[in-house]
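Each chain, letter by letter, is given below.
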Amino acid sequence: MSIKKCINEIQRAAKSSGVELLEDEILDILDILERRVKRRKAAGTNKSESDIVVEEAADITRQAKINAAIQKRNRLINAKRYATVKQRLNAEPANRGKILSEIMVGSLRHTEAGRLSIDARGHSIMTDSVGLLLNELEKQDLTKLFSSGQFDELIYRELFDGLGTSGSKEAEKIAAAIQRVQKGLLRRKNRSGANIRELRNYVVRQSHDPILLRDAGFEQWRNDITPLLDLEATFKNVEPGKTDEEFLRSAYDGLVTGIHQKTEAVYGHDGKVDPLTAFKGPSNLAKKLSSERVLHFKDGKSSHQYSKKYSRMRLSEAVLNGITHDAQSIALMETFGSNPRAMFDRLMREIREEAPDVAALDKINKRRLENQFAELDGTTRARGAGKPIFMGVDFAGISAAWRMIQNMAKLGFATVSSISDIATKAAFISQTTGRGVFSSYAKAFSDIFAGFNAKQQKDLAYLLNVGTENFIGDVHARFGANDSGPGMIAKAHQFFFKLNGMQWWNDSQKTGLARMMAADLAMNKSKKFSGLHQDVQNNLALYGIGEPEWDLIRTVNMKAADGRDYLVPSAVNDLTPEQIDPLIRERTGRLEISDSAREEFVDNLRTKIATYYTDAADTAIPTPGARERAIMNQGTSRGTVLGEAIRALMQLKGFPITYLTKGMARQYYGAKAGGRSGAMAITQMVTGTTIMGYLAMSMKDILKGREPRDVFSKDTVLNTDTLKSSFLQGGGAGILGDYMFGEFNRYGQGFTQTLAGPTFGSIDDVFKIFAKFRDGDEVAADAVRFGIRNTPYINLFYTKTAMDYLVLYGLTEKMNPGYLKRMERRIEKEQGQEFYFPPSRYAVEF
């Protein structure tokens, strides 16, 4: 048969299956067919060439039908998502830019479902999934084993080769728990527009460290990975016109650039976008046939072997990384369709074109919206491998390491400074639950000393989605750039926040809040929605929970391990079709309800409840979200000069920014929604944080051996300097106040220099030392002070005083005679404080 006739036959066959093919597409398909046949023949087979051709042609036909169905399905999904978003935008034509921002990062106002943003949904889906996994492991006492890495290879084998294949019951149980969570996320992704088959030989979204790949180079990487791959599965659908070598080169380039870390569409394990999930319209069928760009490993042992060489992550870290990536993808696709970037670009264009007047057009802040989307799709987090600068480390790695070192050198008193969280938490409790001010403060303080069984507390925290931060290790994200990741410095960074108490503080405060809210909802389960306190109704409405949802929620079993009632998100999994079908029918108009529709409804309801807890915890204990990170990162990428400079400038700024966006704004609009004065609500919170700021300052002074600052001046009038410092420490500056009052007051740096942050302050110090050295002046004392201020771990609040008196004071005095006396006089003059034990008399001399 001639090529032309063959093309005609394929076109007729495709048309009968509902698929329109162009001649170029058919030629590419024939190329794929030929390559498959040759590969199978080379691998050895008893079948004839004609039989192989028939089998492969049938497989291609099957895939073509699937792809045609997916195209049709995704058109419907995307049209539905677009219509939903447009309806919200058109509700306020003069504020479309603000509404689009609220859809992405949440509303500062009190609007229906205003806090159920893409950012909040992604975070809660992640914490919900991780919490369910950790809860199951905790019940079987397997959490520590999972995180230790000790059984990684056995778990790889269980996940890849099948449960029960490793011979270890512990590894089998851990693998089974991981698979349940992964399958749930996979089903949810596929409902949102993805088309990812449940791979039999799948462990985890393989982690590739771009720096390790770059250090090895393509040839070495290719030589290492090729023996580990299932070659037939990996190269089965190499794109027409490409060789296997070119396919691997393309995969390598995608991994080294770090683009596979983004979530704007569903990426394959090699960093390439799956065209089915990035659907923009009719696309080349041959490319779709080639779209499964997954690097298939032979078995679990091979997959683990690759991970050991080209990833710095243990299996537990890779699992959590995969869950986080999936959660972010799901949140984006459930709002913006199967190609979120294309949807966002379209909406951006339309809100500008459809602005009703010039005033409305001026309100659309394109830069702000772009920055916010960059936080959602991973642009600001994705990291490739830049050009090595020092010992094989690139600019992004050096910058992140320095910021982590600065955190470890400057934040030893962070937990003491975080006492101001008591005030923001009490203000949130009072505003959302109907409790009085004193009752709210009592509750906020009581969580510090909660007498709840430790194991039960951990189990409940996981189920309430607020106990995962410590396990994930991102507590430091409260203070600046999210520099988490593998590597020795990153692990030391995580350990530091365990030593300084921040992990304990965050966990106890957030868990206590979520536990209280969950207990409150359970206690009110006998009431109809209209019978709930007005503040509770208003707060539930922010997450899309109204009367219909509440009537379902209050029917679930709420009994917890401690015998008390709590509403945990996973409880809604037990809702029956008889309970949820009427509501689905009412909202969709469909008489026949599929299992997929029921699963989607339950997933969404569970996410609403999970978001209710996680967003509340991140508001009460101010933790930056996408809105705040967009301000801090300005849409810049890691590894660029501008991006790293901005991250250095914004270090320690996370709390004050979040205090304004989540704390003050939530208080103002929440009070107004409840019929109270927004200004008064802000005043109450600021008063509370100022008092807590003074308490934090006093505790730090006592720990440093100093008298607390006087509240009143000699003529009984309030000491304005103390009041200002308390305000900045408690609310306006928070953790930044730790640095500001330590560096600005103690070392005489200028305010602008101090405000610029520790990195720029350190750069200035280096230049000053260099200038003195150049001029022939003594620099030893300055060098010692610089070393002290930038040495990790020596400023922990419970060891600093001993370190100062036993080592650092004496060393500084040795290098700069008379320094201690001058320091004592300066502190007494500027702050009105004296030392209980003056360093000039009691410090160890050298």
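Residues numbered from 1 in each chain as written. Predicted model: local features only at pLDDT ≥ 70, side-chain atom pairs only at ≥ 80, totals over all residues. Heavy atoms only, no water.

K.L.:
Provide a residue-level description of the overall build of the protein chain, including the pertinent values.
P.N.:
Scanning the protein chain from N- to C-terminus turns up 41 helices and 0 strands. Residues classed as buried in the protein chain amount to 55% of the 846 residues present. Pairs at least 24 apart in sequence give 73% of the contacts found in the protein chain among residues at least 6 apart. Carbon together with sulfur atoms contributes 56% to the accessible area of the protein chain, which is approximately 36300 Å² in total. (Helix = DSSP H or I, 4+ residues; strand = E, 2+ residues; numbered from the N terminus. Buried < 20%, exposed > 50% of the residue type's maximum accessible area, 1.4 Å probe, protein only. Contact = heavy atoms within 4.5 Å. Areas by Shrake-Rupley, 256 points an atom, 1.4 Å probe, with all protein chains shown as cover.)

K.L.:
Kindly report on the pattern of salt bridges, identifying the contributing residues and their values.
P.N.:
Tallied over the full model, the rule gives 40 salt bridges. When the shortest N-O distance is used, the salt bridge between Glu172 and Lys169 registers 3.8 Å. Taken together, the residues span about one helical turn, with Glu172 and Lys169 both in helix 8 (residues 169-191) at a distance of 3 residues. Arg341 is paired through a salt bridge with Glu370; the nearest N and O atoms lie 3.1 Å apart. (Salt bridge = Lys/Arg side-chain N within 4 Å of Asp/Glu carboxyl O.)

K.L.:
An account of the nonpolar core is requested, with residue identities and associated values reported.
P.N.:
In a soluble, globular protein the nonpolar side chains are often hidden away together inside. Formed by 45 residues in total, the largest nonpolar core has its most connected members in Leu513 and Tyr613. Of all elements in the fold, only helix 20 (421-433), helix 22 (454-463), helix 25 (502-523), helix 26 (534-541), helix 27 (547-553), helix 28 (577-588) and helix 29 (595-620) reach the threshold of two or more residues within this core. Top contributing element to this core by residue count: helix 29, with 10 residues. Those residues in contact with Tyr613, other than ones at most four positions away along the chain, are Leu464, Val466, Ala514, Met517, Ala518, Leu521, Leu567 and Pro569. Grouped together as the second largest cluster of nonpolar side chains are 27 residues, Ile125, Tyr156, Val181 and Leu185 included. (Core = buried A, V, L, I, M, F, W, Y, C linked by side-chain atoms within 4.5 Å.)

K.L.:
Go over a positive patch on the surface, please, and point to the residues and values.
P.N.:
Taken together, the side chains of Lys821, Arg822, Arg825 and Arg841 define a basic patch exposed on the protein surface. Top contributing element to the positive patch by residue count: helix 40 (residues 819-831), with 3 residues. Summarising the element assignment, Lys821 is placed in helix 40. (Patch = residues over 30% accessible without salt bridge, like charges linked within 9 Å, V, L, I, M, F, W, Y side chains within 5 Å. Lys, Arg positive; Asp, Glu negative; His and termini not counted. Charge placed at Lys NZ, Arg CZ, Asp CG, Glu CD.)

K.L.:
Account for the packing of aromatic side chains, naming residues and giving values.
P.N.:
One pass over the structure, following the stated rule, counts 18 aromatic pairs. Ring centres of Phe218 and Tyr252 lie 5.6 Å apart, and the angle between their planes is 70°; this geometry places the pair in the edge-to-face category. Linking Phe218 in helix 9 (residues 210-225) with Tyr252 in helix 11 (residues 244-257), this pair joins segments that are 34 residues apart in sequence. Each of the two residues, Phe218 as well as Tyr252, counts as buried. Grouping aromatic residues by their ring pairs yields a cluster made of Phe218, Trp221 and Tyr252. (Phe/Tyr/Trp six-rings, centres within 6.5 Å; stacked < 30°, edge-to-face > 60°.)

K.L.:
If you had to explain a nonpolar patch on the surface to someone new, which residues and values would you point to?
P.N.:
A cluster of nonpolar residues, Leu806, Val807, Leu811, Met815, Val844 and Phe846, forms a patch on the protein surface that exposes about 480 Å² of accessible area. Taking relative accessible area as the criterion, Met815 reaches 30% and is therefore assigned partly exposed.

K.L.:
Tell me about helix 24 (residues 488-499), and name the residues and values.
P.N.:
Between its first and last C-alpha, helix 24 extends 16 Å over 12 residues, near the 16 Å set by a 1.5 Å rise per residue. Among all positions in helix 24, only Ala490, His493, Phe496 and Phe497 are buried. One side of helix 24 carries all its buried residues, which in axial view fall inside an arc of 115°. For helix 24, the exposed residues lying more than 90 degrees away from the buried face are Met488 and Lys498. Elements in contact with the buried residues of helix 24: helix 18 (395-410) and helix 25. Once helix 24 finishes, Gly501 follows within two positions and takes phi at roughly 90°, a positive value. (Expected span 1.5 Å × (residues − 1). Arc of directions from axis to C-beta.)

K.L.:
Explain the packing of helix 7 (residues 152-161) against helix 13 (residues 300-310) to me, using residue names and the numbers behind them.
P.N.:
Interhelical geometry of helix 7 versus helix 13 gives an angle of 135° and a closest axis separation of 8 Å. It follows that helix 7 is oblique to helix 13 by the angle criterion. Of the two elements, helix 7 crosses helix 13, and the hand of that crossing is right-handed. Residues Asp152, Glu153, Tyr156, Arg157, Phe160 and Asp161 of helix 7 touch helix 13, and the partners they reach there are Gly300, Lys301, Ser303, His304 and Ser307. Counted by class, the contact of helix 7 with helix 13 contains 2 nonpolar, 4 polar and 5 charged residues. (Axes fitted to C-alpha atoms, helices over the stretch in contact; angles between N-to-C directions. Parallel < 35°, antiparallel > 145°, perpendicular 65-115°, else oblique. Left-handed = near helix turned anticlockwise from the far one by under 90°. Nonpolar A, V, L, I, M, F, W, Y, C, P; charged D, E, K, R; others polar.)

K.L.:
Describe helix 14 (residues 315-336), with residues and values.
P.N.:
Between its first and last C-alpha, helix 14 extends 31 Å over 22 residues, near the 32 Å set by a 1.5 Å rise per residue. One or two steps after helix 14, the chain reaches Gly337, where phi turns positive at roughly 85°.

K.L.:
Residues and numbers for a negative patch on the surface, please.
P.N.:
Taken together, the side chains of Glu707, Asp710, Glu828 and Glu834 define an acidic patch exposed on the protein surface. Taking the relative accessible area as the measure of exposure, Glu828 reaches 42% and is therefore partly exposed.

K.L.:
I'd love a proper account of the confidence of the model for the protein chain, names of residues and values included.
P.N.:
Overall, the predicted model of the protein chain reaches an average pLDDT of 80, with 81% of residues at or above 70. Taking the mean pLDDT of every element in the protein chain, the minimum, 37, falls on helix 12 (residues 285-289) and the maximum, 95, on helix 4 (residues 96-105). Throughout residues 265-293 the model reports pLDDT below 50, and contacts reaching past four residues in sequence, or to other chains, amount to 102 contacts. (pLDDT = per-residue confidence, 0-100.)

K.L.:
Can you explain the side chain of Thr690? Please cite residues and give values.
P.N.:
Considering the arrangement of structural elements, one finds Thr690 in helix 33 (residues 678-703). When residues no more than four places from it in sequence are discounted, the contact partners of Thr690 are Leu723, Ser726 and Phe727.

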